[in-house]
Every structure is written in C-alpha cells, then in structure tokens.
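Structure at a glance
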Amino acid sequence: MRKPDGKIVLLGDMNVGKTSLLQRYMERRFPDTVSTVGGAFYLKQWRSFNISIWDTAGREQFHGLGSMYCRGAAAIILTYDVNNPQSLFELEDRFLGLTETANNDCLFAIVGNKVDLTTERGPEGGEKDQASGKTGSCVSSKVPKQVHPEDAMALYKKILKYKMLDEREMPGAEQMCFETSAKTGHNVDLLFETLFDLVVPMITRQKAEESSPIVDITICKAPKQTRSGCCA
Amino acid sequence: MSGNVVPSPCSTTCLCGFLDPPFKLRLQTLHLQKVVTANLKIESLNWGAFQQEHFMPDYAVDMMNIKAFTLVSAVERELLMGDRDHISIECVECCGRNLYVGTNDCFIYHFLLEEKAMPTGTATFIATKQLHRHLGFKKPVNELCAASALNRLLVLCDNSITLVNMLNLEPVPSGARIKGATTFAVNENPVNGDPFCVEVCIISVKRRTVQMFLVYEDRVQIVKEVSTTEQPLAVAVDGYFLCLALTTQYIILNYSTGFSQDLFPYCSEEKPPIVKRIGRQEFLLAGPGGLGMFATVAGISQRAPVHWSENVIGAAVCFPYVIALDDEFITVHSMLDQQQKQTLPFKEGHILQDFEGRVIVATSKGVYILVPLPLEKQIQDLLANRRVEEALVLAKGARRNIPKEKFQVMYRRILQQAGFIQFAQLQFLEAKELFRSSQLDVRELISLYPFLLPTSSSFTRSHPPLHEYADLNQLTQGDQEKMAKCKRFLMSYLNEIRSTEVANGYKEDIDTALLKLYAEADHDSLLDLLVTENSCLLTDSAAWLEKHKKYFALGLLYHYNKQDASAVQLWVNIVNGDIQDSTRSDLYEYIVDFLTYCLDQELVWTHADWLLQKSQEVGVQVFTKRPLDEQQQTSFNPDDIISCLKKYPKALVKYLEHLVIDRRLQKEEYHTHLALLYLEEVLRQRAPTGGKDVEATETQAKLRRLLQKSDLYRVHLLKEKIQGAGLPMESAILHGKLGEHEKALHILVHEMGDFSAAEDYCLWSSEGQDAACRQRLFHTLLAMYLRAGPSAHDLTVAAVDLLNHHAREFDATQVLQLLPDTWSVQLLCPFLTGAMRDSIHARRTTQVALGLAKSENLIYMYDKMKLKGSAIWLSEKKLCQLCQNPFGEPVFVRYPNGGLVHTHCAASRHTNPSSPSPGTRT
Ligand SMILES: Nc1nc2c(ncn2[C@@H]2O[C@H](COP(=O)(O)OP(=O)(O)O)[C@@H](O)[C@H]2O)c(=O)[nH]1
Ligand SMILES: [Mg+2]
C-alpha cells in the first residue's frame, strides 16, 4: 500500500454532504450516497504527493472516532449545510474538539454545501446559474439561504483564535470559506485543489525537517506549548 | 453461501438458451423479484436491449460476493467429547500440524492435522488425536499458545500461565509459571534478540496493571510492569507497543517509554472488545457500530474501517481478508477495498483465530478450518465476473504472498485479461494502460480483428486464452459503430507502440495490420506509414491495398520494396484513368518528380515519351531537374536526350537552356543549337505582323542574351540565318562578336538610331576586357557621333550625353581635341567635372602611394641603422672568436649576432667551411 504523504479530513454533521463532495471531486459524479459508516478514504495524487482524504461519519455514534482520524491531519474541512443553521453550530460544538489531534499547523476550511438549493446567489453566481439552469425543475423548490458566508467566516476567525494561530500567518477567511454544491459541482474542485496547493508546501517542509538533523527555529512556531494548556 | 441464494448468471443463461425470449423473461422474474415491475413495462420492447439493461442487475446481485474461503471440519465432536455433553471447547491453538484444544474440564487435547486435497480442488483435514492431559484443576483451560522454538505450550488456566511440553504435554519440571494473569498475548514482533525466548504481555489480576515477561524453556522473567488509567481488558503486542482495550477506550501504550496515546472510546459494558494484531505495527479493533477499525502504533488509521455486524465476537486476518465471527455468520471483508466479500452461515461459533495464516473457527463442540481458495482462483473468478478493479487490487495485494517470479507471470496475465475485459467494454484508455503495463504481445489484440494479421504470421493465441472472444464480430455483436471504435483504437494503439520495444519481433505483423486499418478507414496516415521506414509485408499489404483501391499507396509500397517499375506503371495507369484513385490530384507532377530522382535510367526512358506527351514543359524536368551529383556518375548522355526531345521542341529548348545556362556546358553544338532554336522561334513570332518595331519578345530577349553572353556558337552560321530577317540588333551583336565594332555601332546608331543600345554595346562587349579596350569602344562611338557634323542635331546631343554619362570611360585630353570649339563649357560641365575629378583623384592617389612608399623605406632604414648603430669597444681583452687572438688593429668584422673576428679570419672562414661558426659559439 502506498503510504500517504499528507492527510485531509472532512468533518461535519451527517447529511451535510461530505460523502457527496468527495465523490463529486474524485469520481466526477453525484450518486445517491448511503450514510457513511465509520469512515472511508481516497488517495489523491497531487503533483508528486499522495494525499489521503478521509470521509468521516457525522453520526453521533461514530463521534469517538473523529480524534483518531484527525490525528496528524494537515487540513480539516468543516462542512455544513447552508440550509441548516444547526449544522454550522454543530461544527463549533461537536467537531472542533476533535481536531485537537491534528498537526499544529493544520489548516481549516469551512464549507457550506448544497448552495444549489438556495435562491440567493453568491458573488460568483454566474457559473452556478448555468449549472442549476439545467436542472430547471428544482427552481420552484428553492428557498432563501439560511446560513450566510459571513457566519462561516466569523467561525473561521474564531477557530484561529481558539487554536491561537496567528491570523496573519494563516490563509484568510475569504480564501478558506467556500460555498459548494456537490450536486452541480460548484466550487468543488476549487475547494479541494486550494487545499492541496496549501498542503503540499507543508508536506515538503515537514519532509525536509524530518530528513535534516538541524532544527530551523524560524519554522517551529511558538503556539506549540501554549496551546494544549489553554484548550484542555 | 451466495451461490445457493442467487442462481449464478451462467446457469440462468444456459437455461434461457433453450427458450423463447418471453419465457426467458418469466424465468428471470422468478429469480429476481426486483426486476418484476420493470419487466412488465418492458415486455414489448426489443429483447436484445432488454437483455442488456436488465439482465445485468441480476448479475450484480451475485457480484456482491466472491468465494474466498470454504469451511471444512477439522475436529469432529465425537473425537473430543463423545457423548459427554457438558464438555465444551474453551480455546484452540494451531502450530504447524499441531492442533491443541483446551476444554472447560481442564483438559488439553493434542491432534495432528493432515491436509488432503480433494479432486474438487478444496482441501479437507483429518485430525488424529495424539494424546490428552488433565491439568489437575477444576477450572477451564482459558488460553493456549505454542512457542515452537522452545517446544513449549503456554497454558492459561486458573489465572496462571504454565509451560508444558508441546509433544507430551508434561509441565516443565522447574514448575516455572506466570501467576496472576487474566489474559496474555505473545509479542510477534519481539524486541529482545534471543530466539529461545518469547515476550509475553499479561493483564494482571492486580488492578490496572499489565506486565511484560520473558519466557524461556523452563523459566520466566518479569521485565516491566506498567499501570494503566483504567482496567485493561484485552491486549495485543507489537514491538514496544501494547494495544490495550481499557474499560472505556482503546489506547496504544509504549511500555518502554510509558507514553500512551488514546485511540477512540468504546463501551465495554455493551460488548467485549477485540484487539488483534494484523501485521507490522498495525492492529484491528472492534469499534462502535460494528466497525472493524484499523490503527497503527502511531495512533492513526491508514485503512478505512470495515463494517461488521454489531455483535462480532472474534476477528482474524488472512491476507487480504479480515474475517469476523458473530453468532450467526462468518463474514469476510477485504482489507484492500473494505468491501464485504463473503458471508458464511455459522451458528454458535465462539472462537475465531488465525495461526500463521490458518484460520480456525470453533463452536463449543467442534473445530473447523476456513480454507482460503487460491488467490489466483479468486482473481480468475473476479475476472470472469468482469470485476476488474477488484481483481487487480487483489492481485496487487497478493504480491508479497507469492514468490516474485511466479507473481510476475501471474500478474502480467491478470493485467492482460483485465485489459481485454476493459477493451470489450470499449474502455480503451484503461485497456491501453493495462496492455502497456503488461507488455501484451500485441498480436493477441490484432488477432481479434479479422484478416489483420498477415497470412504468413506464425502467431497463435496464448493458452489458456486471455479472453473469451473469437473475434471482433462476436465481441461487438455486429454493431458497426462499436466496430469502428475498436478499429480506431487499434490504429492509435499500434501507431503508438510500433516504434517501441514492445514491437520488437512483430514489426511486420504490426505494420501490416496498421496498413490494413489505415487503408480500410481511408486514413491519411497510410501514406505517412508507407513513405517512412516500415515493415509492411509486401504480398499481404499489396492484396489489401488493391482490394481497397488504394493504388497510389500500393505504388508507394512497391517503391518501398524496390519495385519502382511497378510503382510508376501503376501511377501512370491512374493518371490515364485506367484505374481510379483520387489520392493525389497532382499525380502527374508526382511521377515527374519521382522519375527525376529515380536512378533507374531505363525506367525514365520507358516513361519519357508518356511524360513529354502529357506536358513538354513539365515532362522535361525529368532531365533538367536531376540532382547534380547523380549527373556526374551515371549521367544521361545529353545527346541521347536531345535526340529524344526532337519531337518536343518546347522541351528541347528547355533542355538546351538547362545545358547552356544552368550547367554552363561549353559545347559549341548546344550553344548554336539553342541560338538557332531561339531564332526560329523569333522568326515564327514575327512572321504574322511583319512590323519592324515590334517590342522585343521574351524569346528575342533570350536570343540576344545568348548571343551576347556566349562565345561558343557559330557566329557566321547565325549571321547567314539572320541576313535579311530584319533583326538589326542581333546582327549588331554578331558583328560585335566578330570584333567588327564599327559595323556594329554603325547599325545601332545609324540603322536603329538606338543610342542607349549603342552605349550598352560599348559596355557589354568590353566586359572582361581591359580598360583600354573599353576606352577604344567609347571613342569609336564618340567619333561616330561627331563625324556627322553639327547638322545632325540628335547625334550631337547623343555625343554630349555620352560624354556626360560616361566621363570616366574617356581620355579627356583626347576628347578635348576632338570636340568642336563651339561647345560651351556649360554643356560639358558633368563631363569636365568628372574628368577633373578623375585626374585629381589619380594624382592624389599617386601622392599617397608615394608617401607610403617613402615611409616604408624609412622603416627599413631605421632597422638598418639599429643593426649598425651601437658602438663597439675594442680592447686587448677582446679576442677574435675564430682564432682566439687579440685584435692588433682597429679593424674587425662583426657578425649580426655581435661576434667579432679579424678581417682575415672572416675571409678565411668563407673559404674554410670546417672552421667553427661564430654564431654557434655565442
Ligand atoms: N441538493 C443537494 N443535495 C446534496 C448535496 N450534497 C449532498 N446532497 C444530498 O444530501 C444527502 C446527504 O449527503 P451525504 O453526502 O451522504 O452526506 P454526509 O452524511 O455528510 O456524507 C444525500 O441525499 C445527498 O444526495 C448538494 O450539494 N446539493
Ligand atoms: Mg457520508
């Protein structure tokens, strides 16, 4: 088995569309999903690296597995459903705690899925218009968006604070908050590929550190020690 | 097992074969309830389409499963307990052929297992009892573990681990034992280097304590005791890592460092934990919701979990499968894709364990073995069901379980089979990759296409076959579109590999097949193939090209096979319309070009007349455009060509031009011949109009140029021909050639009144001669102008112009004497200025030359002075270099190297060559 070089984990309440997002990206389709049991993962070759992407089960029953899945993660995708405000709250309430085991410099992305069901258009709505136009019959069933991008961005900033990560050193909220549709494919490639591009330098840096006996003190960031004490 | 639940698709089709479609339909519905509704709606539709779309789901049901194991009995109930019902099996151990069973009444049984292969391919086992022994307690035997290197069996009974002899089951005389253990695990990845020692981890009866022991043949030694945060319930070991099931969670504990890492929580009250080492640094754990979770010693998961039922009681691993036992079934999941592969009904099982690859299950009354089907068989089954992905995953996974050479052969074959499956589904990209990576003998693929392999090919398909198809017709069931797709694929595939290593040895087969495909598809690349290096077989390819009326290409093929005559004849036939092939609209030009570069003179002569009849101008190129180097070696004789071209005047002119102008052949006949031909043409063109002042035609210009430039033609002959033809210019040129410049200029000036022509004449006819000659001509012309006197006004003007334009061609002093006094300076200003300039220029250049010569002279003088210049002191100490005597007089000879000698010595040296040279002395 090829050993992955880096790990990305999808977290979020059940039914927000984690499995669908992954399948849309990896298999370019939107099939009916069955509720994920336990977890599943894909290997994605990106440049010369193998990145494993873990899909987790949102069900309460499997909650305990989350920490283990997140262990050593380079990036975590926190997923909610834009039509379900509760799913956003859950991210903070239930899922954020699971990310303690991730790498210290772990990246966070916040993803509002199922935008195809809303009437409101994001600023980059043009492309989405076309896509949803094809599925014309859905138009009548559309509802106003329940969760707005600003809410997600607020959460993102909050996470950086919790994690005591320097806002100036982490990618900005605009870059890391996405609104997607696994159904139309809107922003799905952008989401994953943005993350890959951010993760790859982290992997290279990590590899260099492993192979070189000299520790570069400029790379090791301060928050390491203070963090666990604060959130324990 | 699955086969009994859902009939295999094969048996269904076999049955169907005898029935009419409507019956088939009903038969199907019996098997598969799901399709019933669909069937009713579809009944009126085309049967073939129905079969394709709706037969498959039936298939798919069966596709969920694979037969990876068969369950066979190992120890029958009678052998163990006879009719004593209260006895039950507590634990088993298997080590090589030794099978041990521990019972609830404190007995250990020892059996020898003998494996027997059945004709059906599955194995059976016969166990023969060796002996049994009572341990002397009233407690059940909880756990057994063999340490074959020590010849010991570790027996856990009554919270104590005793060591007994593996063969006679006698306790070790030392009585060594580990006390206070509730369960134990042997480290299969030991850290201690001693081969006669096993590492054992126990969960102690002491609360929240685990202990590590080293167990030798007849002694035990505690190594470490570690306490845990909660009560441990189960343990597995790998190296320094303990994987522990505590009361509420699983952890990894490094017993050497004491570092512990949480894995995930679970609830031991709901169900007992499972902790199972599955390989280097990796464990399998029973997780929430019936999950089989994988975790490494680093505390991360590198495989997705498998999904068991909620009440799994045991798990084992037999690569690449994870096997789980619950109270009703044994389930088999693949570790490679996490899918459930097989389900075997098995009631009341309570033990499932693997021992060095052998999987044993037991109820309380009997012991069974799960015999794995050979991986190769499993893979073949998957391929038979077109489950390519799974088959490949399984094959790849089997790499480390099969010897390398055997694996490579097997894997290659599997890839090829998989390739054909993908191919049959028109998944060409995948197929290509599989063919490529498995280095498929490409003829296997070509042979699917009827008639593509050359008749001479010695190829036979591999046996057993790589696929089930006779040919493409069968594979596509006659679907033309699919057929075309397959052909396109083969085209691109062959084209890609033909120059790679894969093609070695079969180049003929590949190129011939490619040619056939191209020809059939009317593909442009056909020509590219034939004009570049190729290995197309002549007879096969020729027949095929002819069949598809690719005559032009056929010609190329002939040419490639050095049969140029056939090639050209074929092309000529196309141009003549005898056969049809519109590949090239410029085929005639192509043939000309071809023959131009053709070394075979015979062939050129054969077609020369045909070519010239088609077009004299183009046809003659076979002679005029031949590459030069060739002309020197096997050259055509120009006279042969000229006589051939007699019938083709235009061609002849072109050829002579080629000889005279391009090749500059200095042969009188050619020049004269060409001049005469030009002249004839000029005369013919002039005939109808008869007018004198017709503008010079192109031919006339050519004629004049030839007459001017060439010195080889027979001037008198031409003069004769021109006589009275009214070609004054030409006669002038001819006069000039004879040196009769007066006459020539007279014609130009007085007959034609063409002054500029007269000027030109002076220039060209003095070309290549000395300046005096040119001057003479100009003076002659000037004299001619002036002779006419002032009354001939235009001649006067011409004279002035001549002087002004060509000032430098005249000797000014001479001219000035010739000119009438009446001419103003104004009139001759340009001439005079020019003459002045020239004169001054000449003077100045001379002065410069003079100056330069002087300074050069000076340099030489300086050198000379330097050589002579330095003073020489003569004293009595200086000796003559020749005679070694001092100088008596102030007279001496000095050599250029500075040596001094007496004058007389120098003189005698010249007469006496044996005396040493002064030069060498210094
Ligand atoms: N309309 C719409 N439905 C979606 C989208 N993504 C997922 N779904 C549906 O939401 C349900 C749950 O999706 P799933 O991927 O299983 O969610 P998970 O539990 O987070 O893995 C499924 O019925 C999907 O078809 C989306 O972008 N748009
Ligand atoms: Mg899911």
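Here the structure is a predicted model, which means the values were calculated and not measured. (Residues numbered from 1 in each chain as written. Chains lettered and ligands numbered in written order. Predicted model: local features only at pLDDT ≥ 70, side-chain atom pairs only at ≥ 80, totals over all residues. Heavy atoms only, no water.)

1. Observations regarding the interface of chain A and chain B
- Counting from both sides, the interface comprises 16 residues of chain A and, opposite them, 21 residues of chain B.
- Seen at the junction of chain A and chain B, the total is zero salt bridges.
- Summed over the shared surface of chain A and chain B, the result is two residue pairs in polar contact (both at pLDDT 80 or more).
- It is strand E2 (residues 39–46) of chain A that contributes the most residues to the side of chain A that touches chain B, three residues altogether.
- Broken down by class, the residue content of the side of chain A that touches chain B amounts to nine nonpolar, four polar and three charged. (Contact = heavy atoms within 4.5 Å. Salt bridge = Lys/Arg side-chain N within 4 Å of Asp/Glu carboxyl O. Polar contact = N/O pair within 3.5 Å; in protein donor to acceptor, adjacent residues only side chain to side chain. Helix = DSSP H or I, 4+ residues; strand = E, 2+ residues; numbered from the N terminus. Nonpolar A, V, L, I, M, F, W, Y, C, P; charged D, E, K, R; others polar.)

2. Considering the site of ligand 1
All names here are of chain A.
- Lining the immediate surroundings of ligand 1 are 18 residues, of which Asn15, Thr19, Ser20, Thr33 and Asp116 lie closest.
- One nitrogen or oxygen atom from the main chain of Asn15 is found 2.7 Å from an oxygen atom belonging to ligand 1.
- A distance of 2.8 Å is found between an oxygen atom of ligand 1 and a backbone nitrogen or oxygen belonging to Ala182.
- Considering ligand 1 on its own, with 570 Å² of exposed area, one finds that the protein chains cover 85% of that surface. (Near = heavy atom within 4 Å. Areas by Shrake-Rupley, 256 points an atom, 1.4 Å probe, with all protein chains shown as cover.)

3. Some details on the environment of Val164(B)
Residue and element names in this part refer to chain B.
- Assignment of secondary structure puts Val164 in strand E8 (residues 160–165).
- In this structure, the C-alpha to C-alpha distance between Val164 and Asn151, residues 13 residues apart in sequence, is 8.5 Å.
- Apart from residues lying up to four places away in sequence, Val164 is in contact with Asn151, Arg152, Leu153, Val155, Leu169, Glu170, Pro171 and Val172.

4. Comments concerning the sheet that holds strand E6 (residues 177–179) of chain A
Residue and element names in this part refer to chain A.
- The six strands lie next to each other as E2-E3-E1-E4-E5-E6, forming an open sheet whose pairing is mixed. Whereas interior strands pair on both sides, the edge strands pair on one side only; in this sheet they are E2 and E6. On average, adjacent strands in this sheet sit at an angle of 20 degrees to one another, irrespective of strand direction.
- Two elements, strand E1 (residues 6–12) and strand E3 (residues 49–56), share five bridges in a ladder whose sense is parallel. Note that in E3 the partner of Gly6 across the bridge is Ile51.
- Contacts between helix H7 (residues 188–211) and the sheet are confined to E1, E2, E3, strand E4 (75–81), strand E5 (107–113) and E6, with E3 contributing the most and set at about 125 degrees to the helix. (Pairing = 2+ DSSP bridges. Axes fitted to C-alpha atoms, helices over the stretch in contact; angles between N-to-C directions.)

5. Re the sheet that holds strand E15 (residues 241–245) of chain B
All names here are of chain B.
- The strand order E14-E15-E16-E17 describes an open sheet built from four strands, whose pairing is antiparallel. Since the sheet does not close on itself, it has two edges, and those belong to strand E14 (234–238) and strand E17 (260–265), each with one partner. Going from strand to strand, the sheet's axes swing by 15 degrees on average, the running direction of each strand aside.
- Relative to strand E16 (residues 249–254), E15 is paired through five bridges, and the arrangement is antiparallel. What sits directly across from Ala245, in E16, is Tyr250.

6. A few points about the coordination of the magnesium ion (ligand 2)
All names here are of chain A.
- Surrounding the magnesium ion (ligand 2) are the protein donor atoms Thr19 (OG1) and Thr36 (OG1), at 2.0 Å. Note that Thr19 is positioned in helix H1 (residues 18–27) and Thr36 in the loop between H1 and E2, a separation of 17 residues in sequence.
- Accessibility expressed as a relative area gives 16% for Thr19, which makes it buried. (Donors = N, O, S within 2.8 Å, 3.2 Å for Na, K, Ca; no water. Buried < 20%, exposed > 50% of the residue type's maximum accessible area, 1.4 Å probe, protein only.)

7. Some remarks on unusual backbone geometry
All names here are of chain B.
- A cis amide bond links Phe319 with the next residue in sequence, Pro320, at an omega value of 0 degrees.
- Its identity is not glycine, yet Gln281 carries a phi of approximately 60 degrees, on the positive side.
- Gln281 sits in the partly exposed class, given a relative accessible area of 31%.
- If you check the backbone angles, Arg386 has positive phi at about 60 degrees while not being a glycine.
- Mapped onto the fold, Arg386 is located in the loop between helix H7 (375–384) and helix H8 (388–397).

8. Digging into the packing of aromatic side chains
All names here are of chain B.
- Applying the stated criterion across every chain yields a total of 34 aromatic pairs over all chains.
- Measuring from centroid to centroid gives 5.7 Å for Phe423 and Phe428, while their planes differ by 55 degrees, and the two rings are tilted.
- Look at Phe423 and you get buried, because its relative accessible area is 0%.
- Relative to Trp764, the ring of Tyr761 has its centre 5.1 Å away and its plane inclined at 75 degrees; by these criteria the two rings are edge-to-face. Residue Tyr761 and its partner Trp764 are located together in helix H31 (residues 755–765), separated by three residues, close to a single helical turn. Neither residue differs from the other here; Tyr761 and Trp764 are each classed as buried. (Phe/Tyr/Trp six-rings, centres within 6.5 Å; stacked < 30°, edge-to-face > 60°.)

9. With respect to the nonpolar core
- By size, the foremost hydrophobic cluster in this structure holds 138 residues, and its most contacted members are Phe423(B), Leu445(B) and Trp571(B).
- Those residues in contact with Trp571(B), other than ones at most four positions away along the chain, are Tyr551(B), Phe552(B), Gly555(B), Leu556(B), Leu587(B), Tyr590(B), Ile591(B) and Phe594(B).
- Counting 92 residues, the second-largest nonpolar core is a separate cluster that includes Ile51(A), Leu91(A), Val297(B) and Val306(B). (Core = buried A, V, L, I, M, F, W, Y, C linked by side-chain atoms within 4.5 Å.)

10. What about helix H29 (residues 728–737) of chain B?
Residue and element names in this part refer to chain B.
- In terms of residue burial, H29 counts as a mostly covered element, since nine of its ten residues are buried.
- Those residues of H29 that sit buried are Pro728, Met729, Glu730, Ser731, Ala732, Ile733, Leu734, His735 and Gly736.
- Buried residues in H29 make contact with helix H27 (698–709), helix H28 (715–722), helix H30 (741–751) and H31.
- Following H29 by one or two positions, Gly739 adopts a phi angle in the positive range, close to 85 degrees.

11. Concerning the confidence of the model for chain B
Residues and elements named next belong to chain B.
- Averaged over all residues, the pLDDT of chain B is 84; the fraction at 70 or higher stands at 90%.
- Confidence drops under a pLDDT of 50 for residues 1–63, and excluding neighbours within four residues, the segment shows 53 contacts in the predicted structure.
- Below pLDDT 50 for its whole length, residues 912–922 participates in 15 contacts with residues either more than four positions away or in separate chains.
- In the model output, the complex is listed with pTM 0.62 alongside ipTM 0.82. (pLDDT = per-residue confidence, 0-100.)

12. Considering the packing of H27(B) against H29(B)
Residue and element names in this part refer to chain B.
- Running from N to C, H27 and H29 cross one another at 10 degrees; their axes reach a closest spacing of 9 Å. Taken together, the axes of H27 and H29 are roughly parallel relative to one another. Only Met729, Glu730, Ile733, Leu734 and Lys737 of H29 make contact with H27, whose side of the interface consists of Gln700, Leu703, Arg704, Leu707, Gln708 and Lys709.
- Class assignment for the residues of the contact of H27 with H29 results in five nonpolar, two polar and four charged. (Parallel < 35°, antiparallel > 145°, perpendicular 65-115°, else oblique.)

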